[in-house]
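If you want the building blocks of each chain, they are given just below.
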Amino acid sequence: MAIKRRDFLKATAATGAVAAAAGFPHIWIKDYGLARAANGEIKVGVLFSLTGTTAIIEESLNKATILAIEEINNAGGINGMKIVPIVEDPASDPATFADKARKLVVSDQCVSVFGSYTSASRKAVLPVFERRNNLYWYPTLYEGRECSKNVIYTGAVPNQQQDEFIPWLFKNFGPKFYLIGSNYIYPREENNYCKKLLAELGGEVVEEEYVPLGHSEFSSVINKIRSTQPNVIFSTVVGDSVVALHRQYRSAGLDPEKMPMASLTTSENEVAAMGGDAAAGHFTSAPYFMVHQSPENEKFVEAYRKRWGADKVTHFVSEPSYFQVYLFKQAVEKLAPSDITPENIREAVKGEEMIAPQGRVRIEPENLHTWLWPKIAVAKSDGQFEVLVESSEWIAPDPYAAYPNQQCTASGLVES
Amino acid sequence: MDIVLQQLITGLGIAAVLLLVALGLAIIYGTMGVINLAHGEFVMLGAYGAWVLNAYFGLGLLASLPLVFLGVAILGWLVEKGVIRHLYERPLDTILATWGIGVMLQQIVRLTAGGELRYVQMPAALGHSTTILGVDVSAYRVFIFLTVVVLFAVTWLLMYRTTLGMKLRAIVQDRSIANCFGINSGRVFGLTFAYGAGLAGLAGALVAPLKSVSPEMGTGYVVDAFFVVVLGGVQSLFGTVGSAFLLGELTGVIAYIRNDTIAKALVLLAIVVLIRFRPQGLFAVRVRS
């Protein structure tokens with residue numbers, strides 16, 4: 001069959017037109033990307049890994065997010081509009097995170113995306129949200145040192161977990177700290193801050209060391225701990241390594257009463273994975289623990305277990321995953337349906353407050369991080385924590401706490 | 001002096017785990033020439049087996065060991081009969097086939113047991129530290145070490161002091177001649193693969209109380225096991241022991257002096273260099289060609 005030149009040109013032109021219409025919708029739809037709350041629906045992305053190495057924890061974040069969305073919808077939605085979650089599985093892979101984020105923002109036209117756990121995946125999606133001026137809600141504790149007007153950070157930054165914790169450990173156990181972390185950006189930044197605080201107190205770092213991600217053979221580390229005899233083992237080890245470290249610490253016969261591990265990353269989730277007996281006696285600092293006594297938390301825990309299973313635990317990353325959806329709701333509520341855009345939501349959420357399970361939280365207008373209530377707790381053998389110290393004041397987020405000459409402001413990073 | 005001794009003993013503990021995981025792989029690779037990439041998943045299944053027996057049937061770790069060995073061995077036998085058997089003439093294709101089996105096993109476990117990390121209780125009597133030559137070591141690590149010694153002895157006896165072992169060695173030397181002598185090579189290979197898989201399962205159950213149990217846990221172990229086997233030289237049981245010992249001590253000492261990240265890198269570098277100059281492995285047996 002011969003192809004006539006004219007037919008070929010026609011077909012090419014038609015294909016081109018369709019491609020242009022589909023690929024570049026803003027050239028033919030007026031206000032593309034603005035009116036995103038059509039038909040009484042508000043589309044949001046939910047981007048947590050359901051497969052791959054971090055699925056273990058991200059599944060629980062996905063569950064907390066979905067729970068909040070369902071609760072809001074069941075209570076009548078936002079100004080009568082339903083939240084429609086579009087769930088994507090980025091499979092614990094930063095590159096897939098970026099692809100899925102692009103899909104949610106560009107083709108699904110979500111006005112916000114709730115998602116991710118690791119710093120690597122947050123860094124991977126950041127350009128997508130900055131280029132499209134969209135909004136990303138990030139619930140995890142992290143190392144700070146980021147300043148983007150396209151991310152709402154609802155987890156703790158170093159000053160919120162350490163300012164009270166390190167002096168408390170210093171006072172109760174002594175000045176010698178052994179710093180052990182997984183080998184990537186988060187533990188290094190947290191340890192920088194820890195060293196700064198220790199230097200102010202007159203403490204001493206006997207060893208600072210990093211193990212590969214996923215490391216599970218801690219016998220040499222434990223030997224070093226034995227020979228350096230620190231007062232506190234400050235651990236920023238993450239993932240399954242947390243389990244291996246705790247179990248091997250215990251089988252080596254070390255005693256938490258004399259030489260406890262103090263961690264920023266060991267939550268109810270990790271404790272469930274290692275068994276309460278291996279965790280008992282070690283300390284964690286975080287803004288939220290499942291046992292926290294408040295009517296809001298009681299309601300959260302009950303709803304979570306009713307929806308996802310009576311054996312499930314809530315923890316200090318799943319709690320922000322839950323309350324950040326409510327902050328989103330409060331912000332959108334202030335907007336007329338035609339004004340619901342990522343940019344307007346960001347402006348509306350600045351300074352917004354609510355009573356979360358952990359207590360009253362507030363989005364700091366200057367840097368879009370969150371005011372939180374740090375607590376210090378000790379793990380018990382039943383898998384739960386006992387809260388020992390509750391911060392008497394609301395702690396402001398300071399993502400550049402370790403860098404006194406830098407500050408994150410509404411207009412970006414300022415250096416003095 | 002104390003520190004040197006302590007580090008040597010720690011290295012022995014690391015070596016014991018390495019050997020435990022590598023032993024099954026060494027037998028399968030060394031005798032059958034099958035590169036079993038599903039080995040890590042057999043380890044993982046053993047760990048899950050111990051967890052299931054503990055969580056649902058209340059069986060302690062020690063009591064569950066024989067059941068785990070048997071269960072994973074039967075699975076290995078099925079894999080050999082169902083897949084590997086058809087690929088004897090194409091050894092390179094076993095890489096792809098076993099890798100696929102590994103992926104499937106991982107996903108099956110994820111679908112049935114969920115993605116959560118699990119843990120296996122350490123036997124109560126072993127959950128403390130004990131003193132050996134004035135050095136504090138975990139009693140459980142001593143137990144692993146002794147178990148490995150026993151397993152190695154049993155394996156050696158099987159290979160060199162039984163008829164099955166003799167037949168296996170005959171097949172390794174020349175398969176067609178062995179068949180001519182009436183050795184049923186299919187049956188021997190089936191049993192060998194099952195035994196290797198069972199050892200992997202046993203390894204998984206034994207390391208479970210020290211580490212975490214997850215569907216992905218096998219990936220790391222298969223890499224370590226291949227290091228040991230390749231460095232030791234295939235077809236050499238004592239080579240496997242020697243290289244496990246060497247890698248364990250090397251890792252322990254470097255990790256103590258510097259840290260685990262550097263230890264991992266340097267050990268890998270050492271393997272690359274050694275393999276460059278001794279491609280047949282450190283302790284290869286001389287084979288008639």
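The name that an unreviewed UniProt entry assigns to chain B is Amino acid/amide ABC transporter membrane protein 1 (HAAT family), with the source organism given as Tepidamorphus gemmatus. Quoted verbatim from the Subcellular location (unreviewed entry) field of UniProt, the annotation for chain B is "Cell membrane". As recorded by UniProt, the Sequence similarities (unreviewed entry) comment attached to chain B reads in full: "Belongs to the binding-protein-dependent transport system permease family. LivHM subfamily."

As recorded by an unreviewed UniProt entry, chain A carries the name Amino acid/amide ABC transporter substrate-binding protein (HAAT family) and is attributed to Tepidamorphus gemmatus.

1. What to know about the state of the cysteines
Residues and elements named next belong to chain A. Counted under the stated rule, the structure contains 1 disulfide over all chains. Paired by a disulfide, Cys147 and Cys408 hold their sulfur atoms 2.1 Å apart. On the sign convention where negative means left-handed, the S-S torsion of about 90 degrees between Cys147 and Cys408 marks this disulfide as right-handed. With Cys147 in the loop between β4 (136–138) and β5 (151–153) and Cys408 in strand β16 (residues 406–409), this pair connects stretches of sequence that are 261 residues apart.

2. With respect to unusual backbone geometry
Of note in the backbone geometry, Leu368 of chain A takes a positive phi value of approximately 60 degrees without being a glycine. Examined against the element boundaries, Leu368 of chain A turns out to sit in the loop between β12 (359–363) and β13 (370–371). Here the phi dihedral of Leu133 of chain B falls at roughly 50 degrees; this positive angle occurs in a residue that is not glycine. By the secondary structure assignment, Leu133 of chain B is in the loop between β1 (129–132) and β2 (135–138).

3. Thoughts on the interface of chain A and chain B
Contacts between the two partners involve 34 residues from chain A and, on the opposite side, 36 residues from chain B. Surface buried jointly by chain A and chain B totals about 2800 Å² across both partners, of which 48% is contributed by carbon and sulfur atoms. The interface formed by chain A and chain B includes 3 salt bridges. Residue Asp136 of chain B pairs with Arg226 of chain A through a salt bridge whose shortest N-O separation is 4.0 Å. Counting across the chain A and chain B interface gives 19 residue pairs in polar contact (both at pLDDT 80 or more). Counting only elements with at least two residues in the side of chain A that touches chain B, the list comes to α2 (55–74), β7 (204–211), α8 (219–228), α9 (240–251) and α10 (268–274) of chain A. For the side of chain A that touches chain B, the residue count by class is 13 nonpolar, 12 polar and 9 charged.

4. Thoughts on the UniProt feature "transmembrane region" (unreviewed entry) in chain B
Residues and elements named next belong to chain B. According to UniProt, the feature "transmembrane region" (unreviewed entry) maps to residues 12–35, 55–79, 91–109, 139–159, 188–210, 225–250 and 262–279 in the numbering used here. Annotated as 88% helix and 0% strand, the span residues 12–35 places its first and last C-alpha atoms 27 Å apart. For the annotated span residues 188–210, helix accounts for 87% and strand for 0% of the residues, and the straight-line distance between the end C-alpha atoms is 34 Å.

5. Regarding the confidence of the model for chain B
Residue and element names in this part refer to chain B. The share of residues in chain B with pLDDT of 70 or more is 98%, and the mean pLDDT across the chain is 89. Mean pLDDT values for the elements of chain B range from 84 in β1 up to 96 in helix α3 (residues 61–82). Two summary scores accompany this predicted model of the complex, namely pTM at 0.87 and ipTM at 0.87.

6. Things to note about the sheet that holds β13 of chain A
All names here are of chain A. Pairing is antiparallel in the open sheet, where 3 strands are placed in the order β11-β12-β13. The two strands at the open ends of the sheet, each matched to only one other strand, are β11 (353–356) and β13. Pairing geometry for β12 and β13, over 2 bridges, is antiparallel. Residue pairing across strands places Ile363 opposite Thr370, the latter belonging to β13.

7. With respect to the pairing of strand β17 (residues 412–415) of chain A
Each regular strand displays side chains that alternate between the two surfaces of the sheet. All names here are of chain A. By the bridge criterion, 4 bridges tie β16 to β17 in an arrangement that is antiparallel. Following the sheet pairing, Thr409 is matched in β17 by Gly412. In textbook terms, the turn of a hairpin is the stretch between consecutive antiparallel strands, and for β16 and β17 this stretch comprises 2 residues.

Definitions and cut-offs
Residues numbered from 1 in each chain as written. Chains lettered and ligands numbered in written order. Predicted model: local features only at pLDDT ≥ 70, side-chain atom pairs only at ≥ 80, totals over all residues. Heavy atoms only, no water. UniProt positions renumbered as here; feature names shortened; annotations may be inferred. Disulfide = S-S within 2.5 Å. Helix = DSSP H or I, 4+ residues; strand = E, 2+ residues; numbered from the N terminus. Contact = heavy atoms within 4.5 Å. Buried area = accessible area lost by both parts, 1.4 Å probe. Salt bridge = Lys/Arg side-chain N within 4 Å of Asp/Glu carboxyl O. Polar contact = N/O pair within 3.5 Å; in protein donor to acceptor, adjacent residues only side chain to side chain. Nonpolar A, V, L, I, M, F, W, Y, C, P; charged D, E, K, R; others polar. pLDDT = per-residue confidence, 0-100. Pairing = 2+ DSSP bridges.

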